[in-house]
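Examining the three-dimensional arrangement
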Amino acid sequence: MIALRDPVERAYSSYWHDVKFGIETRPFAEVVDEQLDDSRLPVGSDPDKKHVYLGFYSQHVARFLDVFGDATRVGFLEDLHADPVSEAASIFEFLGVDPDVA
């Protein structure tokens with residue numbers, strides 16, 4: 001199961017986490033502009049580029065699909081928040097568990 005979040009909201013949240021801990025002091029727009037110039041670095045190669053790069057989900061999901069194929073379910077955090085019971089039932093059904101338990 002992969003749960004994806006709106007990439008802009010995820011980047012903004014990550015940015016504020018770094019601000020809170022004194023890792024980042026620049027304005028969000030400046031950070032994004034810089035990271036968009038070089039945002040396709042491999043994960044871990046440059047931790048200063050993480051806010052934007054991690055939102056390029058297709059690259060990350062592709063790695064899971066290569067390994068797990070059809071055993072991978074991709075969902076969205078916003079769907080879980082909007083209707084947790086239906087989303088849980090959908091996840092249970094995907095896992096082969098009785099969806100009525102949700």
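Residues numbered from 1 in each chain as written. Predicted model: local features only at pLDDT ≥ 70, side-chain atom pairs only at ≥ 80, totals over all residues. Heavy atoms only, no water.

**Regarding the packing of aromatic side chains**
Under the counting rule described, the total for this entry stands at 6 aromatic pairs. Between Y12 and Y15, the ring centres sit 6.4 Å apart and the planes meet at 20 degrees, which makes this aromatic pair stacked. Taken together, the positions of Y12 and Y15, both in helix α1 (residues 7-20) and 3 residues apart, correspond to about one turn of that helix. The partly exposed category is assigned to Y12, whose relative accessible area is 40%. Judged by its relative accessible area of 5%, Y15 is buried. Grouped by ring-pair contacts, the aromatic residues Y12, Y15, W16 and F28 constitute a single cluster. (Phe/Tyr/Trp six-rings, centres within 6.5 Å; stacked < 30°, edge-to-face > 60°. Helix = DSSP H or I, 4+ residues; strand = E, 2+ residues; numbered from the N terminus. Buried < 20%, exposed > 50% of the residue type's maximum accessible area, 1.4 Å probe, protein only.)

**Points about the pattern of salt bridges**
Taken as a whole, this structure holds 2 salt bridges when the rule is applied. Among the salt bridges present, the one from E24 reaches R26, with a minimum N-O distance of 2.8 Å. A residue is classified by how much of its surface remains accessible, and E24, at 10% relative accessible area, is buried. (Salt bridge = Lys/Arg side-chain N within 4 Å of Asp/Glu carboxyl O.)

**Concerning a nonpolar patch on the surface**
A surface patch of nonpolar side chains, about 320 Å² in accessible area, is lined by F64, V67 and F68. Inspection of the secondary structure puts F68 in helix α4 (residues 57-68). (Patch = residues over 30% accessible without salt bridge, like charges linked within 9 Å, V, L, I, M, F, W, Y side chains within 5 Å. Areas by Shrake-Rupley, 256 points an atom, 1.4 Å probe, with all protein chains shown as cover.)

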